[in-house]
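Report on the structure
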Amino acid sequence: MASKLPAQFHRIWTASAVSSIGDGIYFAALPLLALTMTHNTVLLGTLEACAMLPWLCFGMLGGALVDRLDRRRTMVAADLCRFLLLALVTALVTAGAADLYLLFAAAFLLGIGQVFFDTASTALLPELLDRDLDTLQRANARLQGTQQAFGGFVGPPTGSLLFGLGRAVPIFGDALSFLVSSLTIWTLPKSAPKPAQPRGSLLREAREGAAYLFGNRLLVGLALRPALGNFAFMGANAVLVLFVKQTLHLGTSAYGIYLTAGAVGALGGSFVAAWLAARLGTGGTLTLTAMVEGVALLGIGLSPNAWIAGIGEIALGMGIGTTMGVGPAVRQAIVPDHLMGRVAATARLIALCAGPAGAVFGGWLAHVAGLRAPFILGAGILMSMTVVAARLTSNKRIEAALAEAAERREREAADALAASGQAADAPAASGQAADVLAMA
């Protein structure tokens, strides 16, 4: 029988739910706000890229800082900063002082907050769940399902509705979600003090995390797979609002509803993730989802109407939801705790580095070849992920890595026990020496 998830996880789960609602509101409202300022597809793609750039600029250094800092406090500080930023943006939009360049800056600064929050939360979860793969997969699947249920179902339609009430209203709603999330995370118990580690420069420590990842082919595969996917996804997402409005002929309210189609699939994928992993293995599941995502994006790009495109979005979401439920748990189970922040940040950097390029390229490709082109090209890229998954993230490779990590933890526990025993014997030995001296 599977063990129950601890109470601390449920607080993270609650914070994730609240934050996901705000993210869904922001996801729907930001393109609509940008469309009031420009219809240039390259500029819309650049806006998508701005949210990804912080990972390129600060991702690895952020991971090194997370390994030094208290992870709970890092998550709280990141959410509070994002709340203050969006409160300022709300005020500027309300005053009519906002322009597209303000949105670029806001997306970039929000991305910096995401670097620290996501890296810290990724490193904190295995600490709470003792690095058990099955438990981590259930927890990640539950978080993924919650993010899709609230961020996909509740958030986008709410964002479109609030945008109709006022351009600044959905931005302020997202700001409030960050405030509530930070207060929820603050209620988590304080983490145990970290063992003292020799400190060097942040850059050197960041390189240590990168060296660990690149020295492990499984970790490289787990990062490379979403890198290819993000290039394809961001290329399509950069022009999605125009594709839905001009090609599928949907209005603003219908656009928000359309965005929920992917959430429907992702929610379903999060429910079946652990079931598929138990039957096909994690590696087999990752190979299957790579195939599903490629076929689904091709179907969206070739769809003659919104109904067919919606079915494609559901299938695409199911593949992504399943992947996010089972894939990250492998890294969380095998990476040592003192390296978790750095390795997670490096993996995220690899996964996201193609995103800004994909967004700008997708905007350009749509400009020269039409709005369907980014979806069709992206489908071909996603198909290639099947080969990556089959070779680098196979069941055999994952099982070997889990066994090696278990042996390492056993050695570390034995070494710690021996060290504590030697420390306990030291006072006794000193007392015996004193008795000998006294007798002399």
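No experiment lies behind these values; they were computed from the predicted model shown.

**Looking at the overall build of the protein chain**
Looking only at helices and strands, the protein chain has 14 helices and 0 strands in total. The linear arrangement of helices and strands in the protein chain, starting from the amino end, is α-α-α-α-α-α-α-α-α-α-α-α-α-α. Its C-alpha atoms give the protein chain a radius of gyration of 24 Å, near enough to 22 Å, the size a compact globule of 440 residues would have. With the principal axes as the frame, the protein chain shows a C-alpha extent of 100 × 50 × 40 Å. For the protein chain, the proportion of its 440 residues judged to be buried stands at 52%. Pairs at least 24 residues apart make up 89% of the contacts formed inside the protein chain by residues separated by at least 6 positions. About 19,100 Å² of surface is accessible on the protein chain, with carbon and sulfur atoms providing 68% of the total. Separation of charge centres in the protein chain, based on 30 positive and 25 negative side chains, amounts to 5 Å.

**Points about a nonpolar patch on the surface**
A grouping of Val-42, Phe-361, Trp-364, Val-368 and Leu-377 is seen on the molecular surface, where their side chains present a nonpolar patch of about 420 Å² in accessible area. Here the element with the most residues in the nonpolar patch is helix H12 (residues 340-369); it accounts for 3 residues. Looking at where Trp-364 falls in the secondary structure, it is placed in helix H12. Under the relative-accessibility criterion, Trp-364 is labelled partly exposed at 44%.

**Details of the nonpolar core**
Among the nonpolar cores identified, the biggest contains 55 residues, and Leu-297, Ile-300 and Phe-375 are the most heavily contacted of them. Membership of the second largest hydrophobic core comes to 45 residues, among which are Leu-133, Leu-213, Ile-334 and Ala-401.

**Let's talk about unusual backbone geometry**
Within the chain, His-249 stands out as a residue other than glycine whose phi angle is a positive 60°. Note on placement: His-249 falls in the loop between helix H9 (240-247) and helix H10 (252-302).

**Thoughts on the side chain of Gln-332**
Tracing the backbone shows Gln-332 in helix H11 (residues 306-334). By relative accessible area, which is 2% here, Gln-332 ends up buried. Setting aside residues no more than four positions away along its own chain, Gln-332 makes contact with Thr-122, Leu-125, Pro-126, Arg-131, Leu-136, Asn-140 and Met-340.

**A closer look at the confidence of the model for the protein chain**
Looking at the protein chain as a whole, the pLDDT averages 81, with 90% of positions reaching at least 70. Mean pLDDT values over the elements of the protein chain span from 66, in helix H14 (residues 395-439), up to 90, in helix H3 (residues 71-94). Within the model, pLDDT remains below 50 along residues 428-440, and this stretch shows 0 contacts once partners closer than five positions in the same chain are excluded.

**Description of the packing of aromatic side chains**
Enumeration over the complete set of coordinates arrives at 6 aromatic pairs. With 5.8 Å between their ring centres and 85° between their planes, Tyr-101 and Phe-104 make a pair best called edge-to-face. With Tyr-101 and Phe-104 both in helix H4 (residues 100-129), this residue pair falls 3 residues apart, about one helical turn. Residue Tyr-101 is classed as exposed on the basis of its relative accessible area of 62%.

**Looking at the pattern of salt bridges**
Summed over all chains, the structure comprises 9 salt bridges. Across the salt bridge formed by Asp-67 and Arg-71, the nearest N and O atoms sit 3.3 Å from each other. Like Arg-71, Asp-67 is buried. Here Glu-293 makes a salt bridge to Arg-225, at a shortest N to O gap of 3.4 Å. Note that Glu-293 is positioned in helix H10 and Arg-225 in helix H8 (residues 217-237), a separation of 68 residues in sequence. Its relative accessible area of 6% is what places Arg-225 among the buried residues. A network of salt bridges, in which partner residues are shared, links Asp-67, Arg-71, Arg-204, Glu-208, Asp-337 and Arg-342.

**Points about the environment of Gly-209**
Along the chain, Gly-209 turns up in helix H7 (residues 202-214). Its relative accessible area of 0% is what places Gly-209 among the buried residues. Sequence separation between Gly-209 and Ile-12 is 197 residues, and the spatial gap between their C-alpha atoms is 25 Å. Apart from residues no more than four positions distant in its own chain, Gly-209 is found in contact with Arg-342, Val-343 and Thr-346.

**Focus on the packing of helix H2 (residues 41-68) against H4**
The geometry of H2 relative to H4 is characterised by a closest axis approach of 7 Å and an angle of 35° between their N-to-C directions. For the element pair H2 and H4, the recorded crossing hand is right-handed.

**Digging into H9**
Of all 8 residues in H9, 6 are buried; the element is thus mostly enclosed. Those residues of H9 that sit buried are Leu-240, Val-241, Leu-242, Phe-243, Val-244 and Thr-247. Packing partners of the buried residues in H9 comprise helix H1 (7-35), H2, H8, H10, H11 and helix H13 (373-392). Of the residues one or two after H9, His-249 is the one with positive phi, at around 60°.

Parameters and conventions
- Residues numbered from 1 in each chain as written.
- Predicted model: local features only at pLDDT ≥ 70, side-chain atom pairs only at ≥ 80, totals over all residues.
- Heavy atoms only, no water.
- Helix = DSSP H or I, 4+ residues; strand = E, 2+ residues; numbered from the N terminus.
- Rg over C-alpha atoms; globule rule 2.2 N^0.38 Å.
- Buried < 20%, exposed > 50% of the residue type's maximum accessible area, 1.4 Å probe, protein only.
- Contact = heavy atoms within 4.5 Å.
- Areas by Shrake-Rupley, 256 points an atom, 1.4 Å probe, with all protein chains shown as cover.
- Lys, Arg positive; Asp, Glu negative; His and termini not counted.
- Charge placed at Lys NZ, Arg CZ, Asp CG, Glu CD.
- Patch = residues over 30% accessible without salt bridge, like charges linked within 9 Å, V, L, I, M, F, W, Y side chains within 5 Å.
- Salt bridge = Lys/Arg side-chain N within 4 Å of Asp/Glu carboxyl O.
- Core = buried A, V, L, I, M, F, W, Y, C linked by side-chain atoms within 4.5 Å.
- pLDDT = per-residue confidence, 0-100.
- Phe/Tyr/Trp six-rings, centres within 6.5 Å; stacked < 30°, edge-to-face > 60°.
- Axes fitted to C-alpha atoms, helices over the stretch in contact; angles between N-to-C directions.
- Left-handed = near helix turned anticlockwise from the far one by under 90°.

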